[in-house]
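One-letter residues, chain by chain:
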6 protein chains.
Amino acid sequence: MRIQIINPNTTAEMTHRMVDAVRPLAAPGTELIACTSAFGPPSIEGHYDEAMSVPGLIEQIRLGEANGVDGHIIACFGDPGLSAAREVAQAPVIGIAEAAMHAAAMVATGFSIVTTLGRTKVIARHLVESYGMAGRCYGIHAVEIAVLDLEANLSDTEERLVDACRRAVAQDECGAIILGCAGMADLVARVGDSLEVPVIDGVAAAVKFVEALGGMGLRTSKHGDYAAPLQKSFTAAERLSA
Amino acid sequence: MRIQIINPNTTAEMTHRMVDAVRPLAAPGTELIACTSAFGPPSIEGHYDEAMSVPGLIEQIRLGEANGVDGHIIACFGDPGLSAAREVAQAPVIGIAEAAMHAAAMVATGFSIVTTLGRTKVIARHLVESYGMAGRCYGIHAVEIAVLDLEANLSDTEERLVDACRRAVAQDECGAIILGCAGMADLVARVGDSLEVPVIDGVAAAVKFVEALGGMGLRTSKHGDYAAPLQKSFTAAERLSA
Amino acid sequence: MRIQIINPNTTAEMTHRMVDAVRPLAAPGTELIACTSAFGPPSIEGHYDEAMSVPGLIEQIRLGEANGVDGHIIACFGDPGLSAAREVAQAPVIGIAEAAMHAAAMVATGFSIVTTLGRTKVIARHLVESYGMAGRCYGIHAVEIAVLDLEANLSDTEERLVDACRRAVAQDECGAIILGCAGMADLVARVGDSLEVPVIDGVAAAVKFVEALGGMGLRTSKHGDYAAPLQKSFTAAERLSA
Amino acid sequence: MRIQIINPNTTAEMTHRMVDAVRPLAAPGTELIACTSAFGPPSIEGHYDEAMSVPGLIEQIRLGEANGVDGHIIACFGDPGLSAAREVAQAPVIGIAEAAMHAAAMVATGFSIVTTLGRTKVIARHLVESYGMAGRCYGIHAVEIAVLDLEANLSDTEERLVDACRRAVAQDECGAIILGCAGMADLVARVGDSLEVPVIDGVAAAVKFVEALGGMGLRTSKHGDYAAPLQKSFTAAERLSA
Amino acid sequence: MRIQIINPNTTAEMTHRMVDAVRPLAAPGTELIACTSAFGPPSIEGHYDEAMSVPGLIEQIRLGEANGVDGHIIACFGDPGLSAAREVAQAPVIGIAEAAMHAAAMVATGFSIVTTLGRTKVIARHLVESYGMAGRCYGIHAVEIAVLDLEANLSDTEERLVDACRRAVAQDECGAIILGCAGMADLVARVGDSLEVPVIDGVAAAVKFVEALGGMGLRTSKHGDYAAPLQKSFTAAERLSA
Amino acid sequence: MRIQIINPNTTAEMTHRMVDAVRPLAAPGTELIACTSAFGPPSIEGHYDEAMSVPGLIEQIRLGEANGVDGHIIACFGDPGLSAAREVAQAPVIGIAEAAMHAAAMVATGFSIVTTLGRTKVIARHLVESYGMAGRCYGIHAVEIAVLDLEANLSDTEERLVDACRRAVAQDECGAIILGCAGMADLVARVGDSLEVPVIDGVAAAVKFVEALGGMGLRTSKHGDYAAPLQKSFTAAERLSA
């Protein structure tokens, strides 16, 4: 089974870091294909960044489909372009926020999310609501570390993340923590070791759930709203930049 | 007051038709600036079309801001890119679905939506939920006419639209009808004449609400999640097409 | 366009103060007609006050309709008698709580309400829920100043209001503040100057939204539940007092 | 125990009919006091009728309190003035819609409501939502018989009511029926005999629940929002009529 | 009227204590029959305890039905086995959590729950949601006293309970308190004397509501989901223990 | 990885049939252990059957834990005893209804459920709500075939099931179908071949999701409400039967 992990920002090091982090969790027959958007924002920290990342993401989805992959992962915690990607793809598409929340719902009655910048909290909040998880999400917190600074000082990042997670558990009385950024994928093990509750990384969850859907023989529904986009003559952008 | 009406698809005739339709409703001091996306899909009929229309829309928002407009309207019933646009803009930004639903809530206890293709109904459904209108939306219906076919045979379109609206009123017992496409803006008067309930066009509603916000001196909140996008070096797309 | 602003309590000075405050915001062709209930409570601070204010409010609505006004505003933050007024009126009727929340929803992802007495918070809470704004209202706070004391010591009132708004922004992380009393209409500008988020007065919002509905040609739906009251022989009260 | 049953419309025959209907259900020590509003609408069939009935209702509540009654019932299915009445009263106050829904929730997983005129359905709908019963209410139906016509031709009324209830059970798959008008109190036994599901009359339910609250020693909470109205000098209406 | 109060744990002293506490509240003709589960857990403090208590509870329900009782009460705040019991019973069945919440909804706009161990809070939370009380429940708190320790040191228990209730009222601004354990039934009067808001014991509420349903002639709906269990040959457990 | 599939009814043939059906989907290293409750009901078709099945289910969970399994599946569509089982287990526990809904949410915007007897529809309805899936579940339908009759006449069953699924797709406009009974596990492939939307069997979904959680290293949270049951001396039942 070949699964495409798409980092919808353009920072390839981040892609490799996250894919390396989850590679050990993949099933024996699973090949993880690391893909980075060829254009768009270098990190995604707001509605605008999200929206501008989608065309680059979709291009990767199309390449993956042409390449016959068996599943796609959108590796950004806002799940940008998820519905659009599902229209384009035949294979399953999973966002990492969605994956993390589904996983949390299977091991705890309530979870809290610890994410990067405070300005992204409202994105998580809206996802929680649209995924039907409002009754299970007990809190959303930010460590106020920018996405691309997560690995600048790893020991400091880890400490601040652990502190934020501990506060969330104490204050929210949640039974699990979701790390709200694909760039935290390589920290989940160490953070988890410091906490008494399960700590969930959405990239790992998405990999395992794509494998799961594949194992069930499920593909994206093409009936109704995820039906393939209608064929149209798009006007090409001469140049797309921020 | 200068208000930018952005058609986020690339079909300029549609832009002109809708702006001409609402021009008589604008206040004396209001100038309506018709803008059409320079690139992207020629019509928006699904999640993919929506997502791909956003960069072109954002470009227009930026141009409008640079041009000092006092408000922006996203003239597509899915309100694509609304949150992103609000991050980019200082002036108010209103989507026509949002505007139509707020207007309906002020004149009726419940409304139904009549839109173009069935495949877009789920988009309307999700907007209804995220705008807190689930208790007021009694039904979502499609006439199964593609966006660009709306004006192909106007008398036939009008008849089918009136029929669909009448069925919606009878079946849903709703007190108002929302027309679910910017391309129906020029039909609202005639459809309204055939029905005993208010019929609402979102383009008109958005124009009047932007005027209203302007009159209150309200601009988009820059505190928290609509804060301006962080400055970043985007990688430009060499070419963006479908 | 002639818009009737009805203060449903009997304190005429309060009526004039609020109408004077919003007059500068009215469109050139708009005439604001200040109306005060001829009987009922001198201020509205609870369910009982609200309920007892409605007959006086309805009398004003009837007078306004007879007088051919183009819209009615219920200028009390509990929106008392809103549905009843809509049955009686052909022209649009807007409550100021409703108006403020719709305006807030167009410029921020979340708002908090700062109102007068704590005992009225539950009224705001129920409005928030019935208007579908539960996901957008991040907090409801009281300054514990009675309605008629708002202007007793204006500088003190302003200071306490600004303090309460600042605390709300810090604690709730909201993107906008709604002032929860018509008697705060003349304070909104100064309070707004002290805050970094939009501050919204419902009287102003209602004026602009009535203008907006008028501009769209929308009137109250007479289909179904806002249909005119059935003709009946009421038994007159010999005398109605608290 | 003395319980005041207030018919908030002015039709005394209807009051007597409903009180006679529920008298056999009262506990041995319970005295039912039939009260009819001294002024206001002769029947309540819409938002306006409701709103205009409240002052007359409140007058009865005050008389009842002065008279030392142990509980009050608002015997109109819209529960008009319920919150206001609770501010005024020390003794418990129960509305018949509320009572019927609580009773239904204790004997069935879902109920449907069969009421008089279609124009009142939205009132029931809003009560269902505000009472947290949206998940349990499977349908709201109207027989299109005006309140004061219910007893005009009793055999015809009964037949139409039974038919409507049967259709509701078949269509909604509900486990109980709530009769949505105090004027149906004397029909509940016969209608119930014709159906295989429990049929609930709110007047009876309210009597028994007031007895129950009395037996528990519970009175209306005076902490916070049901606190007694603040003392104020109301301006009396010279004359109140429709 | 004969009402069976079933303590679904096996601690008979607790049963007697709670039944003695509510006996004075029963109507003259009401006989309260104290029943204790013959097998299962000695106290119920979690999902497992709840689930394991249900067969013992059902046995008592069956015995009560065979004995012709007129109503059943499940006297554990998690309302374990409520739906199953309703399938088995013809007479009404009420859980004490459900009863307490319905009673609270009739006397206050919002309530908080004070229960025993923190680990049971999620059970209360889920009940609140499934009973449609989420908008009325302002907080859930634990005193961290195990069920069977409630009476070990009564004066200490009372003091801690009063403290917890006072904090809940101050912090949640609730208008009523619900005691979240049948083992608190004998403390409700003294706790209530120390607070300015109504304090509600679910056992008392359930007794009065069963009397109420009986008085209305309502029995459990046998239409649809509470229909009697289908006849089947169960395999008996040789021995059932924890 | 060793996964215990527990059929919580006592019909071993049904257990084998469902485990045989999903065995081909298991990952290479996965061993599926078929377990049947040793006591309780032979099929589960209502609240009572569910409740009575839980002790037998819990016994199997305990045996599985003692045996060191890596995950547990509750193979009945009502997910009976799920929370209790999670308290008892260290390894993940997944119910098949839960699993099917999570899977459906990943491939379609909305699903419908087709189950056995109409009397179980309310159970599915309540699960949908408590799992936060109300916005995604477009319908719940019954074929009115008893659980143990599913394989009595397989061709007839398949035909009726396909018919019911087709009607659900047409009427609900759903993008996926969930089969609402573990006894349908061996029919999913053939039913799926007859439909144009994905058809989901919860047993298969649960197997793949337990594998997924195992692959992520996630185990049931022992913090808070899924904490292990407190040690208590249960009173054993001498004999437990229906």
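Scroll up to find the structure.
Since the model is a prediction, treat every value here as computed from it, not as a measurement.

What counts, and where the lines are drawn
- Residues numbered from 1 in each chain as written.
- Chains lettered and ligands numbered in written order.
- Predicted model: local features only at pLDDT ≥ 70, side-chain atom pairs only at ≥ 80, totals over all residues.
- Heavy atoms only, no water.
- Contact = heavy atoms within 4.5 Å.
- Buried area = accessible area lost by both parts, 1.4 Å probe.
- Salt bridge = Lys/Arg side-chain N within 4 Å of Asp/Glu carboxyl O.
- Polar contact = N/O pair within 3.5 Å; in protein donor to acceptor, adjacent residues only side chain to side chain.
- Helix = DSSP H or I, 4+ residues; strand = E, 2+ residues; numbered from the N terminus.
- Pairing = 2+ DSSP bridges.
- Axes fitted to C-alpha atoms, helices over the stretch in contact; angles between N-to-C directions.
- Buried < 20%, exposed > 50% of the residue type's maximum accessible area, 1.4 Å probe, protein only.
- Expected span 1.5 Å × (residues − 1).

Asker: Explain the interface of chain B and chain A to me, please; I cannot follow it from the model alone.
Answerer: You'll often see interface size given as the accessible area lost when the parts meet. Contacts between chain B and chain A engage 44 residues on the former and 44 residues on the latter. Surface buried jointly by chain B and chain A totals about 3800 Å² across both partners, of which 65% is contributed by carbon and sulfur atoms. In terms of surface lost to chain A, no three residues of chain B exceed B:Tyr48, B:Arg119 and B:Phe234, which account for 21% of the buried area on that side. Inspection of the region where chain B meets chain A yields 6 salt bridges. Note that A:Asp49 and B:Lys232 form a salt bridge whose closest N and O atoms lie 2.5 Å from each other. Viewed at the interface, chain A and chain B are joined by 20 residue pairs in polar contact (both at pLDDT 80 or more). Counting residues per element, the ones that place at least two in the side of chain B that touches chain A are α2 (47-66) and α3 (82-88) of chain B. No other element matches the 9 residues that α2(B) contributes to the side of chain B that touches chain A.

Asker: When you look at the side chain of C:Thr11 in this model, what are you seeing that I'm missing?
Answerer: In this fold, C:Thr11 is placed in the loop between β1 (2-7) and α1 (12-22). If we skip the residues at most four places from it in the chain, C:Thr11 touches C:Thr36, C:Pro42 and C:Leu148.

Asker: Teacher, can you tell me more about the sheet that holds strand β4 (residues 93-95) of chain F here?
Answerer: Note on sheets: strands pair through backbone hydrogen bonds, and any given pair is parallel or antiparallel. Residue and element names in this part refer to chain F. Taking strand neighbours across the sheet as the criterion, the 4 strands line up as β2-β1-β3-β4 in an open arrangement whose pairing is parallel. Strands with a single pairing partner mark the edges of an open sheet, and in this sheet they are β2 (31-36) and β4. Taken pair by pair, the neighbouring strands of this sheet meet at an average axis angle of 20°, ignoring direction. Of the pairings in the sheet, the one linking strand β3 (residues 71-74) to β4 comprises 3 bridges and is parallel in character. Following the sheet pairing, His72 is matched in β4 by Val93. Packed onto the sheet, helix α1 (residues 12-22) meets β1 (2-7) and β2 and runs at close to 165° relative to β2.

Asker: Even after reading the chapter, I still don't get the pattern of salt bridges, so can you show me in this structure?
Answerer: For side chains of opposite charge, pairing can occur when their charged atoms come near one another. With the rule as written, the count across this model stands at 72 salt bridges over all chains. Here A:Asp186 ties to A:Arg17 by a salt bridge, and the two come within 2.9 Å at their closest N and O atoms. Residue A:Asp186 is located in the loop between β7 (176-180) and α7 (188-193), and its partner A:Arg17 is located in helix α1 (residues 12-22); the two are separated by 169 residues in the primary sequence. Judged by relative accessible area, A:Arg17 falls into the buried class, the value being 14%. Residues C:Arg2 and C:Glu31 are paired through a salt bridge, measuring 3.5 Å at the closest nitrogen-oxygen approach.

Asker: Can you help me understand helix α8 (residues 202-216) of chain D in this one?
Answerer: Residues and elements named next belong to chain D. With 15 residues, α8 should reach 21 Å at 1.5 Å per residue; the first-to-last C-alpha distance of 20 Å fits that figure. Counting buried positions along α8 yields 13 of 15 residues, so the element is predominantly enclosed. The opening residue of α8 is Asp201, an N-cap whose side-chain oxygen sits 3.2 Å from the backbone nitrogen of Val203. Backbone geometry just after α8 places Gly217 at a positive phi near 75°.

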